[in-house]
Amino acid sequence: MGLPALAQEITAARYAEPTTRYAHGVLGDAVEWGALVLELSDGTRHRITLPQALVFEDIAPRLADLDHDGTPEVIVVETSLDKGARMSIYGPKGRITATPHIGRSHRWLAPIGAADLDGDGRTEIAYIDRPHLAKTLRIWRYEDGTLRPVADHAGLSNHKIGWDFIAGGIRTCGNTPELITANADWSRVMATTFQGGRVKSHEIGAYTSPQSLTAALTCP
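Residues numbered from 1 in each chain as written. Predicted model: local features only at pLDDT ≥ 70, side-chain atom pairs only at ≥ 80, totals over all residues. Heavy atoms only, no water.

Under an unreviewed UniProt entry, the protein has the name FG-GAP repeat protein and belongs to Roseovarius gaetbuli.

Trainee: In this structure, what is going on with the packing of aromatic side chains? I would like to understand it.
Mentor: Each aromatic ring pair is described using two quantities: the centre-to-centre distance and the angle formed by the ring planes. On inspection of all chains with the given rule, the structure shows six aromatic pairs. Considering the side-chain rings of Tyr15 and Trp33, the 6.5 Å spacing of their centres and the 20 degrees angle between planes classify their relative orientation as stacked. Here Tyr15, found in strand S1 (residues 10–19), pairs with Trp33, found in strand S2 (residues 32–40); they are 18 residues apart in sequence, far enough to count as distant. Relative accessible area serves as the criterion here: at 25%, Trp33 is assigned to the partly exposed category. Relative to Tyr207, the ring of Trp186 has its centre 5.0 Å away and its plane inclined at 70 degrees; by these criteria the two rings are edge-to-face. Taken together, the residues span a long stretch of sequence, with Trp186 in the loop between strand S15 (176–183) and strand S16 (188–195) and Tyr207 in the loop between strand S17 (198–206) and helix H1 (210–216) at a distance of 21 residues. Across this residue pair, the class does not change: Trp186 and Tyr207 are buried. Linked through ring pairs, Tyr15, Trp33, Phe56 and Tyr90 together constitute an aromatic cluster. (Phe/Tyr/Trp six-rings, centres within 6.5 Å; stacked < 30°, edge-to-face > 60°. Helix = DSSP H or I, 4+ residues; strand = E, 2+ residues; numbered from the N terminus. Buried < 20%, exposed > 50% of the residue type's maximum accessible area, 1.4 Å probe, protein only.)

Trainee: How should I be thinking about the environment of Ala182 in this particular structure?
Mentor: In this structure, Ala182 sits in strand S15. Along the sequence, Ala182 and Leu156 sit 26 residues apart, while their C-alpha atoms lie 5.8 Å from each other.

Trainee: Can you walk me through unusual backbone geometry in this structure?
Mentor: Negative phi characterises most residues that are not glycine, and trans characterises most peptide bonds. In this structure, His68 takes a positive phi of about 60 degrees despite not being glycine. With respect to the element layout, His68 can be found in the loop between strand S5 (62–64) and strand S6 (73–80).

Trainee: Can you walk me through the domain arrangement of the protein in this structure?
Mentor: Many structure descriptions define interface size as the accessible area lost when the parts assemble. Partitioning the protein into structural domains gives domain 1 (7–102) and domain 2 (108–219). Between the C-alpha centres of domain 1 and domain 2 there is a distance of 21 Å. Between domain 1 and domain 2, the residue contacts involve 25 residues of the former and 25 residues of the latter. In total, about 1,900 Å² of surface goes out of reach between domain 1 and domain 2, with carbon and sulfur atoms giving 75% of it. Considering only the surface of domain 1 that becomes buried against domain 2, Val26, Met87 and Ile102 emerge as the three largest contributors, covering 28% of it. Along the contact surface separating domain 1 from domain 2 lie zero salt bridges. For the pair domain 1 and domain 2, the number of links is five residue pairs in polar contact (both at pLDDT 80 or more). Counting residues per element, the ones that place at least two in the side of domain 1 that touches domain 2 are S5, S6, strand S7 (84–91) and strand S8 (94–98). It is S7 that contributes the most residues to the side of domain 1 that touches domain 2, four residues altogether. When the residues that make up the side of domain 1 that touches domain 2 are grouped by side-chain class, the tally is 14 nonpolar, five polar and six charged. (Domains from an automatic or database assignment. Contact = heavy atoms within 4.5 Å. Buried area = accessible area lost by both parts, 1.4 Å probe. Salt bridge = Lys/Arg side-chain N within 4 Å of Asp/Glu carboxyl O. Polar contact = N/O pair within 3.5 Å; in protein donor to acceptor, adjacent residues only side chain to side chain. Nonpolar A, V, L, I, M, F, W, Y, C, P; charged D, E, K, R; others polar.)

Trainee: I keep staring at the pairing of strand S10 (residues 123–129) and nothing clicks. Help me out?
Mentor: Every regular strand shows the same layout, with side chains that alternate between the two sheet faces. Among the seven residues of S10, seven are classified as buried, and the element is accordingly described as predominantly covered. In the sheet, strand S9 (residues 109–115) pairs with S10 via six bridges, with the strands oriented antiparallel. Within S10, the residue paired with Gly113 across the bridge is Ala126. Relative to strand S11 (residues 136–143), S10 runs antiparallel, the two being bridged by seven bridges. (Pairing = 2+ DSSP bridges.)

Trainee: What should I look at first to understand the side chain of Asp129 in this one?
Mentor: Relative to the assigned elements, Asp129 resides in strand S10. Accessibility expressed as a relative area gives 5% for Asp129, which makes it buried. A distance of 2.7 Å separates a polar atom in the side chain of Asp129 from a polar atom in the side chain of Arg130. Apart from the residues within four sequence positions on either side, Asp129 is in contact with Ile102, Trp108, Leu109, Ala134, Lys135, Thr136 and Arg138.

Structure (structure tokens):
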């Protein structure tokens, strides 16, 4: 009797098949992506091609071990031409789960990152919903292959129209992860925590350029 085949792990991911079928240009040009290529631990590649109604409206896929099993999942921004963006999670075999679409075309979200924000052993994923309009932090928990919303907090942003990058991210100074963004009017750098089911933000300096958020990722 042969040994069971080992499950393949994702070692890298990239977008492919550039497309202009979604005319939004929030990232500075008219080109989005029609496919996701996963590189697997056995040296093979798995190409996932979206239907014509969807694109990857994103900078790059993000690898993170969301379920703490020692292997990464892939976090992407996946956009419907009619219903706007959503955050989706992919594994070696394809899409695992996703948030709902924002609900309207030309509405986008900008990921911040993934971490166990509240120290309970489960991973949260944070993004800014409509960083140019709603400017609302949304935190979702990944557990048992699903995403569940756990907190929202208004008045934050991490992207300006036309930027080909997303500013800020997550830093951990001590034991508590902090989400680094700007405030809604881009005058201050903000650090936000999620502890005990509550979101708290405080100013940590003036915003003068995107470098202000990059510098804030380094612990003082």
